[in-house]
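Chains, contacts and geometry: an overview
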Amino acid sequence: MQENNFKHYLILHFIVFIWGFTAILGALISIEAIPLVWYRMLFASIIILLYLLFKKKHLTVDKRGLLKFIITGVLIALHWIFFFKAIKVSNVSVALVTMSTGAFFTSLIEPLFFKRKIRLLEIVLGLVVILGLYIIFNFESQYKLGIIYALISSFLSALFSVLNGLFVKQYSANTLSFYQLFFGALFITIYIIVTTSFSIDFFNLQTLDWLYLFILSSICTAYAFIASVRVMQYISPYTVMLTVNLEPVYAILLALVIFGEKEKMNSEFYVGAFIILFVVLFNGILKNKAAIRQKIRAKTSRKK
C-alpha cells in the first residue's frame, strides 16, 4: 500500500512539474496569446473527447448545465489568455509569482458563493500578499503590464475555481473538462471572427510552434487533467495542496535554466516572491487543520 501511495505521490509531482512547464511553453511558442489559447483549448478538447469515446463515457447534460459550462469555459479561456499575455510582456517568473495571489482572491470570492463570512485572518494574509506584490512592483516596474495581466488572470482563475467547486458536485470531472475546453475554444473562435478573421496566416505556424502546441494541449492539458483526477483518489487533499504550491518553484527554476539572463531578477523580487509563496503555503496549512477539526467534530457529534 505504501509503495502504491509513493507511486501516486511521484505521479502528482510529475503533474505539478508539467503544469509548471506550461508557462515555459507559453514563452517558447512564438504566436500571440489569443491564438495560442485557441489552439490549446481546441486540441485538448478533441483529445479528451477521443479519450471519453474510447472509455465509452456519456456526455449528455441538461440545458442548465450547458449554460454553466459556457460561463466557466469563457472564464478559463480569458484566464489563460491573460496568463500567456503576462508571460509575453514580462517573463515566466513575474507571471507565476503574481499568479500565486489566487488564494487571496479565492478567500474574497468564496464567501459570496458558499454563503460564509469573510475570515479576518484571510484578509490579513491577503494584505501580506499585497505587500509582497508591492515589493516586486516597486523594484521591477518594467514588468508593470505583465503584473497587471497576471493579476487579472489570477482573479479569473480564482472565480473559475470557486464556480467549479460548486459544479463538480453535480457533474463528472470528465464532462466538466470537455465542455469547458470546447466552449472556451468556441468563444475565442467567435471573438476572432468578429474582431478580425481567420486567414491562411493564422494557421501558418513554425514547425516548433506546432510541436510545442501539441505538447501543451496533450500532455500539459489533457493528460495532466485526467492523471490529476486519478491521483487524487489515492492522495489526501492536503498533500495535493502542498505539492501544487511547488508549481511556481518548478517553473521558475526551469525558466532560469532554459532562458538564463532573461529570468534573472534582482534580490527584492525574490523577497516579494518568498512572502507571497509563504502566505499561500501557510494559508493552505491552516485550512487543512480547520478541515480536520471540522471532520473530528462531525464524527464526535454523530457518536453522541
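You'll find the structure just up there.
Keep in mind the model is a prediction, meaning the values are calculated, not measured.

The number of helices and strands found in the protein chain is 12 helices and 0 strands. Listed N to C, the secondary structure of the protein chain is α-α-α-α-α-α-α-α-α-α-α-α in terms of helices and strands. Counting over 304 residues, the protein chain shows a buried share of 46%. Long-range pairs, those at least 24 residues apart, make up 88% of the contacts in the protein chain between residues at least 6 apart in sequence.

The next thing to look at is a nonpolar patch on the surface. A surface patch of nonpolar side chains, amounting to about 370 Å² of accessible area, comprises V89, F137, L145, I148 and I152. Looking at the nonpolar patch, the element that brings in the most residues is helix α7 (residues 144-167), giving 3 residues. Its relative accessible area of 38% is what places V89 among the partly exposed residues.

On to helix α11 (residues 247-259), then. With 13 residues, α11 should reach 18 Å at 1.5 Å per residue; the first-to-last C-alpha distance of 17 Å fits that figure. Taken together, the buried positions of α11 are occupied by E247, P248, A251, I252, L254 and A255. Here the buried residues of α11 occupy an arc of 165 degrees about the axis, which is enough to place them on one side. In α11, the exposed positions that point more than 90 degrees away from the buried face belong to L253 and V257. G260 lies just past α11 and shows a positive phi near 60 degrees.

Considering the arrangement of structural elements, one finds S45 in helix α2 (residues 33-54). With relative accessibility at 3%, the residue S45 sits in the buried group. At 2.8 Å, the side chain of S45 and the backbone oxygen of L42 are in polar contact. In contact with S45, not counting residues within four places along its chain, are F178, L181 and F182.

Bringing the packing of aromatic side chains into the picture now. The geometry of two aromatic rings is summed up by the distance between their centres and the angle between their planes. Taken as a whole and assessed by the stated rule, the structure comprises 16 aromatic pairs. Aromatic pair W38 and F203: ring centres 6.1 Å apart, planes at 70 degrees, arrangement edge-to-face. In this pair, W38 sits in helix α2 while F203 sits in the loop between α8 (173-195) and α9 (207-231), placing the two residues 165 residues apart along the sequence. Here F202 and F203 contribute two aromatic rings whose centre-to-centre distance is 5.3 Å and whose plane-to-plane angle is 70 degrees, an arrangement assigned as edge-to-face. In this structure an aromatic cluster arises from ring pairing among W38, Y39, F43, F202, F203 and W210. Sitting over the ring of W80, R40 keeps its end group 3.8 Å from the ring centre.

With respect to the helices, strands and loops of the structure, L108 is situated in helix α5 (residues 102-114). On the basis of relative accessible area, L108 is assigned to the partly exposed category, the value being 30%. In this structure the C-alpha to C-alpha distance between L108 and I123, which are 15 residues apart in sequence, comes to 8.1 Å.

Structurally, G26 is set in helix α1 (residues 2-28). A residue is classified by how much of its surface remains accessible, and G26, at 0% relative accessible area, is buried. Sequence separation between G26 and W80 is 54 residues, and the spatial gap between their C-alpha atoms is 10.0 Å. Among all residues touching G26, those that are not within four sequence positions of it are L36, F84, I87 and K88.

Right, let's get into the packing of helix α4 (residues 92-99) against α7. Packing of α4 against α7 leaves a shortest axis separation of 8 Å and a crossing angle of 40 degrees. Taken together, the axes of α4 and α7 are oblique relative to one another. Relative to α7, α4 is oriented so that their crossing is right-handed. On α7, the residues touching V94, A95, T98 and M99 of α4 are I147, A150, L151, S153, S154 and S157.

The phi dihedral of K56 is positive, around 60 degrees, even though this residue is not glycine. By the secondary structure assignment, K56 is in the loop between α2 and α3 (63-89). A relative accessible area of 76% means that K56 is categorised as exposed.

So, on to the nonpolar core. Formed by 69 residues in total, the largest nonpolar core has its most connected members in M41, F83, F84, V92 and I188. Among the nonpolar cores identified, the runner-up in size contains 14 residues, and L133, I147, I252 and A273 belong to it.

Criteria and cut-off values
- Residues numbered from 1 in each chain as written.
- Predicted model: local features only at pLDDT ≥ 70, side-chain atom pairs only at ≥ 80, totals over all residues.
- Heavy atoms only, no water.
- Helix = DSSP H or I, 4+ residues; strand = E, 2+ residues; numbered from the N terminus.
- Buried < 20%, exposed > 50% of the residue type's maximum accessible area, 1.4 Å probe, protein only.
- Contact = heavy atoms within 4.5 Å.
- Patch = residues over 30% accessible without salt bridge, like charges linked within 9 Å, V, L, I, M, F, W, Y side chains within 5 Å.
- Areas by Shrake-Rupley, 256 points an atom, 1.4 Å probe, with all protein chains shown as cover.
- Salt bridge = Lys/Arg side-chain N within 4 Å of Asp/Glu carboxyl O.
- Expected span 1.5 Å × (residues − 1).
- Arc of directions from axis to C-beta.
- Polar contact = N/O pair within 3.5 Å; in protein donor to acceptor, adjacent residues only side chain to side chain.
- Phe/Tyr/Trp six-rings, centres within 6.5 Å; stacked < 30°, edge-to-face > 60°.
- Lys NZ or Arg CZ within 6 Å of the ring centre and 35° of its normal.
- Axes fitted to C-alpha atoms, helices over the stretch in contact; angles between N-to-C directions.
- Parallel < 35°, antiparallel > 145°, perpendicular 65-115°, else oblique.
- Left-handed = near helix turned anticlockwise from the far one by under 90°.
- Core = buried A, V, L, I, M, F, W, Y, C linked by side-chain atoms within 4.5 Å.

Worth remembering: the numbers are spatial, not functional.
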